[in-house]
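# Remarks on the overall topology
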Amino acid sequence: MSITVRVPTPLQKLTQNQGEVKVSGANIKELIEDLEKKFPGIKGRICDEKGKVRRFINIYVNEEDIRFLQMDDTPLKDGDEVSIIPAIAGGR
Amino acid sequence: MSYVKGLKCRECERVYPKEPLYVCEYCFGPLEVDYDYEKIKKKLTKKEIESRPKNLWRYRELMPIDGEPTDGLNSGFTPLIRARNLEEALGVKELYIKDDSVNHPTLSFKDRVVAVALSKAKEFGFNTVACASTGNLANSVAAQAAVANLKRYIFIPADLEMGKVVGALIYNPVLVAVEGNYDQVNRLCAEIATKYKWAFVNINIRPYYAEGSKTYGYEIAEQLGWKAPRHIIVPCAGGSLITKIWKGLKEFYKLQLIDKVDTKIYAAQATGCAPIVTAVKENSDIIKPVKPDTIAKSLAIGNPADGVYAVGTVKESGGWAEDVSDDEIVEAMKLLAQTEGIFTETAGGVTVGVTKKLIEQGRIPKDESIIISITGNGLKTQEAVAEKIGKPIKIKSNIASFEENVKE
């Protein structure tokens, strides 16, 4: 199982400057755990102290915001594309 | 002469240098420009401001540039109009319209933020600017980047109003119409921004760009005779403008340019896209994103970047939030046009409609000063009203035909 994760610039220092990485996981929670295994320290940046995705981070699965899906329980399958994007952009 | 110390995270207060950065590396909070107010206070007096040309750069010390301003030299300082006919229609005593539907050069408040963004982008040495836009920003970036001789890439939702498409294309940008809504355009742009070294005015230039919105608030205070309004109704999409108006008023107080800030701020959205209003009404700190469905396309942002701060502004000021239906928006556009002669876009219909509602609800008292924010021009969103304002009476070119068809 392989899922492509697009990593935002501020986190690329942790991914050896890779903008895209391959990880696995049956849902977003597991995906974040696998990211942490491969790139130690990244979970603490994506999630707050309680393990919840920080409110200034948006996560998309195949272009859909996980807040419209099942939040961090959103299931993943082989070939899915996940984007991690800072919330601060755009708008009036 | 610069009055900017650097950037600072709004959440964790980590400091960053003056660079095209927009998000805190640690907590992902937004970065905000950090000024040296002591230094500004020595320079920026009422007399000094009043001696300067009537454009947004008269508050230059409170803008995030290091050199002299280079763009938007005729932008801002739009009319603050005492709306006596609308006062009568709404049954209130003191009502004003802050009219950015006649801002220079592209008829919306976005000319303010783009003036600042392009001045800053040039300081950083960019030769390409870009933006994700619901239309007004597209028009302003296209126009002002043409003047500045910068390359320009503009990303819009594919279903945008024709007036806004034409109002961008005339300036010959690379105009990219993305299948999907603004939130999808914006997400794509955030990804493009990490790959290409462009000045995305609403992404990597955002901390600087957003500061331009403060001038809308400064001007209101100056035009009222150096005092803050009691009530101001502001349209919300991403939630930046409302936050910056509030910041601007508080800065004026800090610099002793006004005696107090007793302003209540009200967030206005369309019912078909009201995540900020919903959060205010539910007293929630979390913004639930929505899929927009409204004629007010310039406000159709379902995932507002500054949503939490917009809600915070409303609460801190003691204001409220309300939304109006598409029909109410059209009626409000007609009301403003037919009382004050101002043809605003749908977003203006939202603020006028919400003001009417809040007055009827008793949320806004009838005997205190009220400002309605008008941020865009109706000629750009003609589709919204074209079928709802009647048709011309067709006659032949003779008196008989006139008298038969028109005579009162």
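What you see is a predicted model; the values in this text were computed from it and never measured.

### Overview of the overall build of chain A
- A count of helical and extended segments in chain A gives two helices and five strands.
- Overall, chain A shows an N-to-C arrangement of helices and strands of β-β-α-α-β-β-β.
- Whereas a compact globule of 92 residues would reach a radius of gyration of roughly 12 Å, chain A reaches 12 Å, a difference of no more than 12%.
- With the principal axes as the frame, chain A shows a C-alpha extent of 40 × 30 × 25 Å.
- Relative to its full complement of 92 residues, chain A shows a buried share of 39%.

### Things to note about the overall build of chain B
- Secondary structure assignment for chain B yields 15 helices and 13 strands.
- Scaling as 2.2 N^0.38, a compact globule of 408 residues should have a C-alpha radius of gyration of about 22 Å, and chain B matches this with 21 Å.
- When its C-alpha atoms are laid out on the principal axes, chain B stretches across 75 × 45 × 45 Å.
- The 408 residues of chain B split such that 57% are buried.

### Section: the interface of chain B and chain A
- Each partner contributes to the interface: chain B provides 32 residues, whereas chain A provides 25 residues.
- For the side of chain B that touches chain A, the secondary structure elements donating two or more residues are helix 7 (182-195) and helix 10 (240-254) of chain B.
- At six residues, helix 7 of chain B tops the list of elements feeding residues into the side of chain B that touches chain A.
- Each residue belonging to the side of chain B that touches chain A can be placed in one class, and the counts come to 18 nonpolar, 10 polar and four charged.

### A few points about the sheet that holds strand 3 (residues 57-61) of chain A
- Strand order in the open sheet formed by five strands is 2-1-5-3-4 (chain A), and the pairing between neighbours is mixed. Either end of the sheet is taken by a strand with one partner, and the two such strands are strand 2 (20-23) and strand 4 (64-65) of chain A.
- Judged from the four bridges that link them, strand 1 (residues 3-6) of chain A and strand 2 of chain A form a sheet pairing that is antiparallel. Paired with A:T4 across the bridge in strand 2 of chain A is A:K22.
- Its contacts with the sheet place helix 1 (residues 28-38) of chain A against strand 1, strand 2, strand 3 and strand 5 (81-86) of chain A, and it is angled at close to 110° to strand 2 of chain A.
- Together, strand 1, strand 3 and strand 5 of chain A form the strand contacts of helix 7 of chain B, whose direction differs from that of strand 5 of chain A by roughly 85°.

### A few points about the packing of helix 5 (residues 136-147) of chain B against helix 6 (residues 162-169) of chain B
All names here are of chain B.
- Where helix 5 meets helix 6, the closest approach of the two axes is 8 Å, and the angle between their N-to-C directions is 15°. By the angle between their axes, helix 5 is roughly parallel relative to helix 6. In this structure, helix 5 meets helix 6 at a crossing whose hand is left-handed. For the pair helix 5 and helix 6, contact is made by A138, N139 and A142 and by K164, G167 and A168, respectively.
- Of the residues in the contact of helix 5 with helix 6, the class split is three nonpolar, two polar and one charged.

### Side note on the nonpolar core
- Within the largest apolar cluster, 151 residues are counted, with the highest numbers of intra-cluster contacts made by B:V129, B:V234, B:A267 and B:I276.
- The dominant element in this core, judged by the number of residues it contributes, is helix 4 (residues 110-123) of chain B, at seven residues.

### A few points about unusual backbone geometry
- Residue B:P105 is bonded to the preceding B:H104 through a cis peptide linkage, with omega at 0°.
- Tracing the backbone shows B:P105 in the loop between strand 5 (95-99) and helix 4.
- The residue A:N17 is not glycine, and still its phi comes out positive at about 65°.
- By secondary structure assignment, the location of A:N17 is in the loop between strand 1 and strand 2.
- A count of 9 C-beta atoms within 10 Å places A:N17 in the exposed class.

### Topic: the sheet that holds strand 13 (residues 370-374) of chain B
Residues and elements named next belong to chain B.
- Across the sheet, six strands lie side by side as 4-5-13-10-11-12; this open sheet has mixed pairing. At either margin of the open sheet sits one strand with a lone partner, and together these are strand 4 (80-82) and strand 12 (321-324). On average, adjacent strands in this sheet sit at an angle of 25° to one another, irrespective of strand direction.
- Relative to strand 13, strand 10 (residues 231-235) is paired through three bridges, and the arrangement is parallel. Following the sheet pairing, I232 is matched in strand 13 by I371.

### Let's talk about the packing of helix 4 of chain B against helix 5 of chain B
All names here are of chain B.
- Interhelical geometry of helix 4 versus helix 5 gives an angle of 45° and a closest axis separation of 9 Å. Taken together, helix 4 and helix 5 sit at an angle that is classed as oblique. The two elements helix 4 and helix 5 meet at a crossing, and its hand is right-handed. Only N136, L137, S140, V141, Q144 and A145 of helix 5 make contact with helix 4, whose side of the interface consists of K110, D111, V114, A115 and L118.

### So, helix 5 of chain B
Residues and elements named next belong to chain B.
- Counted at 1.5 Å a residue, the expected span for helix 5 with its 12 residues is 16 Å, and the 17 Å between its end C-alpha atoms agrees.
- Taking burial as the measure, the 12 residues of helix 5 include 10 buried ones, the bulk of the element.
- Along helix 5, the positions that sit buried rather than exposed are N136, L137, A138, N139, S140, V141, A142, A143, Q144 and A145.
- Contact partners of the buried residues in helix 5: helix 4, strand 6 (128-132), strand 7 (151-157) and helix 6.

Rules used in this analysis
- Residues numbered from 1 in each chain as written.
- Chains lettered and ligands numbered in written order.
- Predicted model: local features only at pLDDT ≥ 70, side-chain atom pairs only at ≥ 80, totals over all residues.
- Helix = DSSP H or I, 4+ residues; strand = E, 2+ residues; numbered from the N terminus.
- Rg over C-alpha atoms; globule rule 2.2 N^0.38 Å.
- Buried ≥ 20, exposed ≤ 12 C-beta atoms within 10 Å, placed from the backbone.
- Contact = placed C-beta atoms within 7 Å.
- Nonpolar A, V, L, I, M, F, W, Y, C, P; charged D, E, K, R; others polar.
- Pairing = 2+ DSSP bridges.
- Axes fitted to C-alpha atoms, helices over the stretch in contact; angles between N-to-C directions.
- Parallel < 35°, antiparallel > 145°, perpendicular 65-115°, else oblique.
- Left-handed = near helix turned anticlockwise from the far one by under 90°.
- Core = buried A, V, L, I, M, F, W, Y, C linked by C-beta atoms within 7 Å.
- Expected span 1.5 Å × (residues − 1).

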